[in-house]
Amino acid sequence: MKLYCLSGHPTLPCNVLKFKSTTIMLDCGLDTTSVLNFLPLPLVHSPRLSKLPGWIPKDGTMNLEKELKECAGRVFVDSQPEFCLPERELLDLSTIDVILISNYHCMMALPYITEHTGFTGTVYATEPTLQIGRLLMEELVNFMERVPKAQSATSWKNKDMQRMLPGPLKDAVDVWTWKRCYGMQEVNSALSRVQLVGYSQKVELFGAVQVSPLSSGYSLGSSNWIIQSHHEKVAYVSGSSLLTTHPQPMDQSSLKNSDVLILTGLTQMPTANPDGMLGEFCSNLAMTIRAGGNVLVPCYSSGVIYDLLECLYQFIDSANLGTTPFYFISPVANSSLEFSQIFAEWLCHNKQSKVYLPEPPFPHAELIQTNKLKHYPSIHGDFSSDFRQPCVVFTGHPSLRFGDVVHFMELWGKSGLNTIIFTEPDFSYLDALAPYQPLAMKCVYCPIDTRLNFHQVAKLLKEVQPLHVVCPEQYTQPPMTQSHRSDLMLELQPPPMPYRRCSVLNLPFRRRYERVYILPELAQSLVPTEVKPGVSIATVSAVLHSKDNKHTLQSVPKPPPVPPTKKRKRVMEEPPVAPKPLLSGAVPLEAFLATLQKHGITEVKVEETADGHILHLQAEDTLIQLEEDGTHIVCDNNEPLRTTLRDLVLRFLQKL
Amino acid sequence: MDEECVSLLPRVCDVLAASGSSLPDDTSLEKLLDWFSAVTKSGVSLLEVSPCLLGFISSVVSSRASESSIISFALKLIGLVAAAEDGFRALQETSVLDLAFDPQHWREEGLWEDPCIRIGWIHGFSTMLQHRQAFSFFVRADSIKPLLQLQTDTSLFVASAASQMLTQVLMFCHPLSSGFNETEVDNKSSSSSITGLKCPNATESDHESAAVVTEILEFLKRRMLPKEPSQLHQSQQILKLLASILSQAGPSLQNKLLLTVGESLEELVASNYSQLTRPLMDVILAGYSSVGGDVKVPDPILSRLLSVMLNQREPPDLIHAAAAFLCSGHDNRIHMEQSAGILLLPVDIITSLTLLEGNFTVKEHQLSMMEQLKNKTSCVSMICISLKYIPKITLMAPDCRPCPPASVVGAVLSLLRLCSGLSPPSVAGCVTVFRNVTGSGKVQKCALEALSALSSSPEVKVMLVEVFTLLIEYLNHPDSDPTVLQKSYQALLKWIGVCSNLSSITNQLKQDLTQVVRKRVCDMRWEVRDSTVEFLGHLAGLPACSTEDGGVCDISQYVLGGCCFTTPLLMEALHDPESYVRASAISALAQAMRNSWRQGAVPTKEQAEIVTQLLEILSQDTEGFARRAVLQFFITWFSSYPSCTSSPLLMQSVRSVLLQGCADLDWEVKVHTLDLAELLMDQAFLGQHGYTKGLESHPAQPHPYAVTAKQAYTLHTHSGTHTLSSDLDGLVKQGLLSVLLSGLFDCDRPVGLKACRLLIRLKDALLLRPQDTTDAGKTDPGLNCELLSQGWAHEIRNVLGMEDRTSGTDAHTVTINVCDLVKCLDLEERLDVLTRSSDHFYNSPRSLLQDILTAGSAHAQQDSQLKEEVIVDCY
């Protein structure tokens, strides 16, 4: 059993598991942090960005002025942003049989894997994962395509050039593999391969293994996966949460007794408690609005935003924000808000029960009804006429490199009254803000990451007791910035197996059993013999039939009636030789010696060995070795004696 | 004891003797006994007043059919009767005493197993032991043996009562003033310390006493050491008893005691039973406390025991022992130093600050303490104890304390930083311990409390900036829970309050504080908003401080920028959905505006707006807290404003407040309304002949449930150029009279009481005024008031019998003269009724006796019904 690790990002994993002749890809997350090296894509022409000076190296040897721009001491690539894809050279992607998706954030690289690689397999995901994942992909494509950039910068990627660049561009890895965003056609084609599954639904893969998604409690339709054969069980834990937010709670008990547990997607902010952060979010928002400023919340169009809106719904009144408009701007804003309301069966119990009242499960419906929350596909169109300040704007993309958020950064960045509140934990807020410096706007960082923290995961693992744990290497040591926090790492016995990008791990367990079915008629023909109370055995003569990794013992077909034909073929048609009987039991020494004596063998020298006894029949110059698992008669050139001795031994053994 | 009760008592005795199961409720017997003791205390002999009791006692004690609760009651009653010598004799003559206090008798009856008999036996005896005769009876009956057995009774109540009685017996044998072996005691000392009665035969009784004392001491010695862990409970009981005796014993008894049990105690101390740490320390400290008079030095045994307790036990026990010693406040330098060191050790280890440099005796425990700190539960518990006593350590004499107070403050700050993960631990060895305190809310709360208390320690003001910085970090921390935030605010207030010079607070810190306050008033959790608003109020209430330029400045002004920062935040909070926050905001506004009121400043437009909002809250808010706070706001304003009548805004709003306040549904709002009315009256009449100020006429009689104002109101009286009539006229126009009269007929007693007292004062002022003015009381139209036909006015009409007179005229309003009105209302009678508690009748002995009789007859009836086998099923 092997695990190929194609991504080094602990929360955007992409691993391939080879297990019992199947090749299963577990998630295909897309690492978008690479876009932080690029200049933002403004929706409307930005004089500031267009006037940024080109970067000139100190020694003036390179001419990258057109590709690289300098802003507040940092260098950015002036080109369409590019993403860092999962490793594609480690194994042939066309051999992948299935892809299991655990949540909509972990499928963004899907088109890169399924398209143009020869992939012919199936993708399994839950319905909300597919639908919301589609929205996020559509949004990404839309963000990129509506501000096309003719220029494609590649010169800076030249190894010799890159080495000379200032950080962090200098330290970026595998820049040649970075790719531009896919198009809608690729998205549609990739998603057409998705087959929907429900929680606990068992899917057979080629008869060899069974895969089954379990609720992971992190987002709508998010799942962990169980991959099991009859005798082995692998658990794949991706983004999971034990907090009570909108999704169905995490199913922990089904993870029990796994041989291997692959653990990814823990919180990226182990020291930031989501409740505390939510509190910070609300109070900073209210504080800014009261002072007459605007609040910008860069966020994904699905996920935590539902919880933020729900929290604000309760908070609005207590903070006297009743008249403040909330805007949600995204090409998929409408679909996202509406989708969330229709996936009732995937929601937590509280929200599910609302559907029967009947009420919309999320209170943002009421916010929309009362005109407190308005959503627009873009800043163009209706929004510009409705726009009223001070206000709160939720919009993407959280990297601040593309999407409508770029416009608001340009618009509000200059005033100290306004605040930008980061809630998504995927990007470093300082890096995100770098191309907007100098910035007067206040900045608040309250990353809300509801995924498992180390304390929770330690408790979980104690409960589910996996034999081995595999995890990204980042989890096996304290965070770099807090090296003293030994509580912020996984401490397990046996220690977890760490992986990094491009690792190939031999998982530490060997398959020992295989299930074989016996057909009823064959079973009927068996004659069991009881060897000890409760244990019976029988010999079986049958034909082993293996198909689709399913093994069946069938009766030996009776030979067809032999037509009386040519003689020479008879040898071939003889029925197979019946197997020799199996022997069991032990030869009792005293009784055996007595029997030997009866048969005239009197001179026997008995020697005790580690495993039994050696009888030396001195007159006959013969040895009999009686051992626990075998009896040997060493008798040269006296076949009748050997046969006699053999028969004497057999008297004491049971035949099956 | 009134006649009626005396006449009821024989029947009650019959009922009780007949059957105890028919009592109206469980407490009846207790109430009856309380009444009997009260009667006895007043000097009345129970047997003389009601001889029937004797018969009752005899019949209960000798009857085999008596209920155990009735027997227990009878035993206690016997004690009460026999506490007086004549009662004792009377009972002895009937030989009731021998039977009643013979445990063997109750055992034979099979009743001794019932704890209520045993407790009756102990209580009866204990009440009786007031004179020598009773004591002799106690000795002759050899009751000491059963009593000692009861000391380890299975019932905790019995065991505890037995312990108390044993102490009492010892004290009786060994009064404080007498020496144990002194035979030449004078009359006074040989007599009971309690009754002062003479002893007829001193030598004999001394002999008896000596025997009893020896028996008790031997018992203590014998039972103190547990032979197996299961006997620890018994040791605990013995130690408790010992502590109780030691705390009351005189020097000679103490000597005797320690000589007898000293060895066992030392063995016990060395045995390291963790559960016995506290009781042992109680014993040692009781011994220490009783050192006094001529004896200056505590017994060497005690000193030795204490040294062992503070040196040779497991760390958690050491901490408990040290805390107990430090708490006792004994002036023993060596042990004080040792205790302080032990208490500082956990903090010293965790923060790695050298608080205990050179204290080698304490440092010996470092390793074992470290081991204990690795366990989360004991770590948190030890640190919390340590933090509780740390402020005390800083108050010790400078040559005695282990380190300067500022270092202690520094250590608490470090600990707080570790708790919230703000700083890394400095020593690798402490990582496990560090994990135990990270994020521990309990440690955070204890540390913040310690920090608050440390503000008043000497030489700590240098730490102000560090404290300020940390507390702001805490206030800013996203994960701080509401209680931690509240305690941070309290600590901040304490530190600001004690530091008269705040010039070390940098502008950056002030800015950080304003920022964090601004954020916290918008917090999601109402508790946090509430504490923030409260903080603003308290800060505004602090006295002035000196600034860097040597000037004097309002603290709130200096730290937060004053009203221009505070008031808008508080005004926002008036709209908070949580009523507690609204109430706190109103109180805080009153605090914030108090200074400007005191200076008599003309109300600003902003203040007028606040008043409008407050009146709105008073009339519309659904929660009582906010409305009460509004009343308090106006009371504060009225009492701090130098010249109320010169502020039209104040007077105008007072009128509306009175009008709305007296119509409120909440009784506390109504009482506050009357408080405001009282201020109005005081202001109008103070200095007038016949008028007394509230506190002078009825001192110290606040209603137990009423919220009392935190500050005494100061009154600004005007120079008395006005006449009483014109003043009263003004008050009537303000609506005062309606407030008082509606209060008088209010269904809530505290409201009625307050209104009645105020009306009496008004009446006194009106009727006792000098008659030199024209007979204005009757002719001045200003002294008239109007009565409507509804509500309280209707009641007044009824009282005055006015229905007939007004039938022909306008039925809705009647004008009546104020003087006539207050005269007719019979206020004194009403006050008398209102002063009594509403259950005064129900609680009277007569009612109790009647209840017992009624229940008895109901029971008898039920019995007869049962006999006739008429069983009615109820569905």
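In the nomenclature of an unreviewed UniProt entry, chain B corresponds to BRCA1-associated ATM activator 1 from the organism Oryzias melastigma. Word for word, the UniProt comment on chain B under Sequence similarities (unreviewed entry) is "Belongs to the BRAT1 family." The UniProt entry for chain B carries the following comment under Subcellular location (unreviewed entry): "Cytoplasm".

As named in an unreviewed UniProt entry, chain A is Integrator complex subunit 9, taken from Oryzias melastigma. The heading Sequence similarities (unreviewed entry) in the UniProt record of chain A holds the text "Belongs to the metallo-beta-lactamase superfamily. RNA-metabolizing metallo-beta-lactamase-like family. INTS9 subfamily."

Now for the domain arrangement of chain A. Many descriptions give the size of an interface as the accessible area lost when the pieces come together. Examined at the domain level, chain A breaks down into domain 1 (2-35 + 51-266 + 453-506), domain 2 (274-445) and domain 3 (583-655). The distance between the C-alpha centroids of domain 1 of chain A and domain 3 of chain A comes to 67 Å.

Here we come to the packing of aromatic side chains. Residues and elements named next belong to chain B. Scanning the entire structure with this criterion turns up 41 aromatic pairs over all chains. The interplanar angle of 85° and the centroid separation of 5.7 Å between the aromatic rings of Trp112 and Trp121 together place this pair among those described as edge-to-face. Comparing Trp112 with Trp121 shows no difference in burial state: the two are buried. Relative to Tyr580, the ring of Trp526 lies with its centre 5.1 Å away and its plane at 20°, an arrangement referred to as stacked.

Residues and elements named next belong to chain A. In space, the seven strands of this open sheet follow the order 8-7-6-3-2-1-22, with mixed pairing throughout. Either end of the sheet is taken by a strand with one partner, and the two such strands are strand 8 (194-196) and strand 22 (504-506). Each neighbouring strand pair of the sheet contributes to a mean axis angle of 25°, computed without reference to strand direction. Taken together, the four bridges between strand 1 (residues 2-5) and strand 2 (residues 15-19) define a ladder with antiparallel strand orientation. Of the residues in strand 2, the one forming a bridge with Cys5 is Asn15.

On to the pairing of strand 24 (residues 529-532) of chain A. All names here are of chain A. Note that strand 24 and strand 25 (residues 535-537) share three bridges and pair antiparallel. Paired with Glu530 across the strands is Ser536, a residue of strand 25. Linking strand 24 to strand 25, which pair antiparallel, is a turn of two residues; within it Gly534 sits at a positive phi near 85°.

For the rest of this paragraph, the subject is the domain arrangement of chain B. When the domains of chain B are assigned, the result is domain 1 (1-141), domain 2 (155-177 + 205-291) and domain 3 (313-459). Between the C-alpha centres of domain 1 of chain B and domain 3 of chain B there is a distance of 55 Å.

So, on to the interface of chain A and chain B. Chain A puts 24 residues into the contact, and the matching count from chain B is 23 residues. For the pair chain A and chain B, the summed buried surface comes to about 1,900 Å²; carbon and sulfur atoms form 57% of the total. Area buried by chain A at its contact with chain B is led by Met287, Arg290 and His484 of chain A, which between them contribute 30% of it. With a shortest N-O distance of 4.0 Å, Arg520 of chain B and Glu280 of chain A are connected by a salt bridge.

A word on the UniProt feature "domain: Beta-Casp" (unreviewed entry) in chain A. Per the UniProt entry, the sites bearing "domain: Beta-Casp" (unreviewed entry) are residues 305-433 of chain A in this numbering. For residues 305-433 of chain A, the end-to-end C-alpha separation is 21 Å, with 43% helix and 12% strand making up the annotated structure.

Further remarks concern the sheet that holds strand 10 (residues 209-215) of chain A. All names here are of chain A. Read across the sheet, seven strands follow the order 9-10-11-12-13-20-21 without closing on themselves; strand pairing throughout is mixed. Lying at the two open borders of the sheet, with one neighbouring strand each, are strand 9 (203-205) and strand 21 (497-499). Mean inter-strand twist for the sheet, computed between neighbouring axes without regard to direction, equals 20°. Pairing of strand 11 (residues 223-228) with strand 12 (residues 233-237) involves four bridges; the strand directions are antiparallel. Paired with Ile226 across the two strands is Ala235, which belongs to strand 12.

Rules behind the numbers
- Residues numbered from 1 in each chain as written.
- Chains lettered and ligands numbered in written order.
- Predicted model: local features only at pLDDT ≥ 70, side-chain atom pairs only at ≥ 80, totals over all residues.
- Heavy atoms only, no water.
- UniProt positions renumbered as here; feature names shortened; annotations may be inferred.
- Domains from an automatic or database assignment.
- Phe/Tyr/Trp six-rings, centres within 6.5 Å; stacked < 30°, edge-to-face > 60°.
- Buried < 20%, exposed > 50% of the residue type's maximum accessible area, 1.4 Å probe, protein only.
- Pairing = 2+ DSSP bridges.
- Helix = DSSP H or I, 4+ residues; strand = E, 2+ residues; numbered from the N terminus.
- Axes fitted to C-alpha atoms, helices over the stretch in contact; angles between N-to-C directions.
- Contact = heavy atoms within 4.5 Å.
- Buried area = accessible area lost by both parts, 1.4 Å probe.
- Salt bridge = Lys/Arg side-chain N within 4 Å of Asp/Glu carboxyl O.

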